[in-house]
Amino acid sequence: MPALKLFGRKWLAATDDLVYPGMFELFIRVVWLMLIGIACARYYENTWNCRFGGDLVRAYLIGEVVMLSIVTLLILVIIRHSAKGAIMDTHARRYVEPLLTIKVSMLLPEIGWNVLGSLWIFGQSVECEHEHYSITVVETLVLFDWILIGLSIFGLALVFDPIGSLEKKQLENTVEHGKHSRIWLRRFRFLWWMRKDESASETFQHVAGLLTALFRGTDLVPSDVMAGCILLRVRQKRETHELRRLNLIPRPKYTSDGTAIFSNTPNWMSLEAAHHFSQLSIAVYGWLFVLYQHMCTGCFRLVRGMTCCACFRRKRNVILDDNCCLCNFSGVKYLSKLSEEDILFASFKNHLCEIPFCVIADHKTANIVVVIRGSLSLRDLITDFAAASDSFECPGVPPGSTAHKGMVMGVKIILKQLKHHKVLERAFATYPNYHLTLTGHSLGAGLAILLGLLIRPRYPDLRVYAFSTPAGLLSRDAARVTEEFVLTVGLGDDLVMRLSVHSIENLRISLLTTLRACRLPKYRVVLNGFGYALFGVPERDLTKTWANCNIISTIPSQSPLLTEVEIARREENKIVERDITKRRYSKEKLFNAGRILHITRCKLERTERKSKKELAKERKYEMRWAQAEEFTKLSVMPRMLLDHLPENIERALATLLEQQNDIPYYFDP
């Protein structure tokens, strides 16, 4: 940081990003130089015995040795200078850009020389006696030299930035903002298979606006984000230790006693019900999840439920957009352990803002269950990224409520399909005494909650079981309404449960301030990051990493010393900020929804670990009721991605059930 500037443009790399790539290239070039040196020592004298063209072979070998030696020395110098200074100390690396310019410029003579070598060696210009000289060795050298040049060009292509041609460093007005948005839109044109989707244009525009807003006013490159996340993990651990020492953040009280947790809740809120519907939310992921769970035997497990040439057969159920052998349908049947007759409707259409879902007759709980799939494709991720707040009006929701833009578009499509095929009407005509339940994981959880709000006037007794619901879903007043009929389950440090436009913008600010406070070079930070992943963050790194040890956060919405009124005022000012580089993208802060059951792994204090060793083995998970405001800050934690996986949530719920001392199964339909 800042971005590297070469040939009049910026690139997706910084002057301190060249240590590890340089060492990799240095290793290859040194090995290559040794091989060419051995070839020269072994065969150089024999080239004088060639009938003709021996001088061309000698010229090629000597030229290659000279150019490789020059480039190798350049790489050594570049690595040395790239390793100097802290991340923000660009002056210490001021010679990297001119040195790199010379090194990249050396590609032209390398290519030219190898072209001549290829013409000489593979043409009719050289003919040698094979008993004295093997031309095959030199041909091999030429071919592998092309591979080396190709790797260098590929490296340049990886760090090429189309936005780098802009002269201005920051977005100073809406005109520059529009230019960057159009560039993001041009990038989306490469996703040609999505452009035919009905909502592609609108979705791409919203995503382009969000990405432009997140990167505006910064000069971050991808390696800065990676290093910043590593440093944030160290910083957050240091701040937590400091705040606990000052008794400013007491640890929330968790318990493994399900009776105490659900004592004041409706009967339908229970661990048994949550575990049961978490299994159904996994089932809708279909055949890909079966292969993910059973890499070696997944195909054999799916074959039993597949229907050969199903596209030419009459179907008893409505199945949309599955393949000819109904692989997705087979995956749903295998994972849910339901018969084909119990799956009343299945749509596997996966377009932008159009998410697959199934409608199931669950005889075990006497429910008609709408199960909506979570993110599994690039289309789903773009739907997630369309995260601006959009108006969401329906009966029972406070006026002026807002919700996640992409999910609002997605739930309208689901509702349209349900009405078009009259799915729920037919289901309740067949099972009139059943209740309606909605469930889903991640993106599917958010869609299930919004769908519940839309159809609740017609089905007032419906319930929603949401797992790992995204944080930026509903405005706060609307989220409070959902606490009556939604049970949200989250595990540990789940990233998605804390992911919203607001939290990402705060994370961007935290990254910048943390990078400025770091006194280590980036290559050391990255190397330490691998150590942290394997062995955790050592205590000594909590203080030696920083140029100023007093780095307790003073960012709005993060500092424990700010009052709620001050925080709200500062956030409101950022929404209407005149400077577009400081303005908030989302006009309203969105929150998680439902009554949130937060599950965490059991942690004992160091003094208790020896005396409570047996108890620690028995109590693996604990839980408590949490508030939506607790999930507004992104924290960089080791398990933030693993805790989002649906199988881990299902396993945590199953373990909690085992810990209930054989509480009898009870579920109120």
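Residues numbered from 1 in each chain as written. Predicted model: local features only at pLDDT ≥ 70, side-chain atom pairs only at ≥ 80, totals over all residues. Heavy atoms only, no water.

**Quick look at the overall build of the protein chain**
Piece 1. When helices and strands are counted, the protein chain shows 25 helices and 13 strands.
Piece 2. Relative to its full complement of 669 residues, the protein chain shows a buried share of 53%.
Piece 3. Accessible area of the protein chain: about 32700 Å², with a carbon and sulfur share of 59%. (Helix = DSSP H or I, 4+ residues; strand = E, 2+ residues; numbered from the N terminus. Buried < 20%, exposed > 50% of the residue type's maximum accessible area, 1.4 Å probe, protein only. Areas by Shrake-Rupley, 256 points an atom, 1.4 Å probe, with all protein chains shown as cover.)

**With respect to the packing of aromatic side chains**
Piece 1. For the structure shown, the criterion picks out 11 aromatic pairs.
Piece 2. For the pair W32 and F144, a centre-to-centre distance of 5.7 Å together with 50° between the ring planes defines the contact as tilted. Here F144 lies in helix α5 (residues 135–158) and W32 lies in helix α1 (residues 19–43), a separation of 112 residues in the sequence.
Piece 3. Geometrically, the ring pair formed by Y285 and F289 is tilted, given 5.9 Å between the ring centres and 35° between the ring planes. Here the two residues Y285 and F289 agree in accessibility, since each one is buried.
Piece 4. Each residue in the set W268, F277 and Y465 is aromatic and connected to the rest through ring pairs, giving one cluster.
Piece 5. Of note, R476 hangs over the ring of F591, and the distance from its end group to the ring centre comes to 5.6 Å.
Piece 6. Taking the ring centre of W625 as reference, the NZ or CZ of R595 above it sits at 4.6 Å. (Phe/Tyr/Trp six-rings, centres within 6.5 Å; stacked < 30°, edge-to-face > 60°. Lys NZ or Arg CZ within 6 Å of the ring centre and 35° of its normal.)

**A look at the pairing of strand β10 (residues 463–467)**
Piece 1. With five of its five residues buried, β10 lies for the most part within the structure.
Piece 2. Alternating residues of β10 divide into R463, Y465 and F467 and V464 and A466, and every residue in both groups is buried.
Piece 3. At this point the chain moves from strand β9 (residues 435–441), through helix α17 (residues 443–455), to the parallel β10, and the crossover so formed is right-handed.
Piece 4. Note that β10 and strand β11 (residues 486–491) share four bridges and pair parallel. Residue pairing across strands places V464 opposite V486, the latter belonging to β11. (Right-handed = clockwise from strand over helix to strand, strands pointing away. Pairing = 2+ DSSP bridges.)

**What about a nonpolar patch on the surface?**
Piece 1. A surface patch of nonpolar side chains, about 490 Å² in accessible area, is lined by F122, L143, F144, I147 and L151.
Piece 2. Of the residues forming the nonpolar patch, the biggest block, four residues, is contributed by α5.
Piece 3. Position of L151 relative to the elements: it lies in helix α5. (Patch = residues over 30% accessible without salt bridge, like charges linked within 9 Å, V, L, I, M, F, W, Y side chains within 5 Å. Salt bridge = Lys/Arg side-chain N within 4 Å of Asp/Glu carboxyl O.)

**Quick word on the nonpolar core**
Note on soluble globular proteins: their nonpolar side chains tend to be buried together.
Piece 1. Counting residues in hydrophobic clusters, the biggest one holds 48 residues, and the most contacted among them are I368, L436, L450, L451 and L474.
Piece 2. Only β5 (357–362), β6 (367–372), α15 (405–420), α16 (423–430), β9, α17, β10 and α18 (476–482) provide two or more residues apiece to this core.
Piece 3. Ranked by residues supplied to this core, first place goes to α17 with nine residues.
Piece 4. With near-sequence residues (within four places) excluded, L474 lies in contact with F392, T402, A403, I449, L450, L453, A479, T482, K589, L590, F591 and A593.
Piece 5. Membership of the second largest hydrophobic core comes to 35 residues, among which are L338, L487, L491 and Y621. (Core = buried A, V, L, I, M, F, W, Y, C linked by side-chain atoms within 4.5 Å. Contact = heavy atoms within 4.5 Å.)

**Quick word on the packing of helix α10 (residues 271–283) against helix α13 (residues 327–336)**
Piece 1. At a minimum axis distance of 8 Å, the contact between α10 and α13 shows a crossing angle of 160°. The angle between α10 and α13 falls in the class roughly antiparallel. Considering how the two elements wind past one another, α10 and α13 form a crossing that is right-handed. Here α10 contributes L280, I282 and A283 to the contact with α13, which in turn contributes G331, V332, L335 and S336.
Piece 2. A breakdown of the residues in the contact of α10 with α13 according to their chemical character gives five nonpolar, two polar and no charged. (Axes fitted to C-alpha atoms, helices over the stretch in contact; angles between N-to-C directions. Parallel < 35°, antiparallel > 145°, perpendicular 65-115°, else oblique. Left-handed = near helix turned anticlockwise from the far one by under 90°. Nonpolar A, V, L, I, M, F, W, Y, C, P; charged D, E, K, R; others polar.)

**Describing the sheet that holds strand β13 (residues 621–626)**
Piece 1. The strand order β3-β4-β5-β6-β9-β10-β11-β12-β13 describes an open sheet built from nine strands, whose pairing is mixed. Where the open sheet ends on each side, the last strands, each with one partner, are β3 (318–320) and β13. Each adjacent strand pair in this sheet contributes to an overall mean axis angle of 20°, direction not counted.
Piece 2. Each of β3, β4 (343–347) and β5 touches α13; the most contacted strand, β4, lies at about 135° to it.
Piece 3. Across the sheet, α16 lies against β4, β5, β6 and β9, angled at about 150° from β6, the strand it touches most.

**A short note on the confidence of the model for the protein chain**
Piece 1. Overall, the prediction assigns the protein chain a mean pLDDT of 82, with 82% of residues at 70 or greater.
Piece 2. Long-range and interchain partners of residues 168–172, a stretch whose pLDDT sits below 50, account for 14 contacts in this model, where long-range means more than four residues apart.
Piece 3. Note on residues 571–581: pLDDT is under 50 here. Beyond four places in sequence and across chains, it has 27 contacts. (pLDDT = per-residue confidence, 0-100.)

**Some details on the environment of T101**
Piece 1. Along the chain, T101 turns up in helix α3 (residues 96–105).
Piece 2. We classify T101 as partly exposed; its relative accessible area is 25%.
Piece 3. Counting along the chain gives 96 residues from T101 to K5, while the straight-line C-alpha distance between them is 9.6 Å.
Piece 4. Non-local contacts of T101, meaning those with residues more than four positions away in its chain, are made with L6 and F7.

**Let's talk about helix α14 (residues 378–385)**
Piece 1. Considered for burial, the residues of α14 that qualify are R379, D380, I382 and T383. The arc that holds the buried residues of α14, viewed along the axis, is 160°, so those residues lie on one side.
Piece 2. Residues of α14 that are buried sit in contact with α7 (200–215), β8 (402–404), α15 and α17. (Arc of directions from axis to C-beta.)

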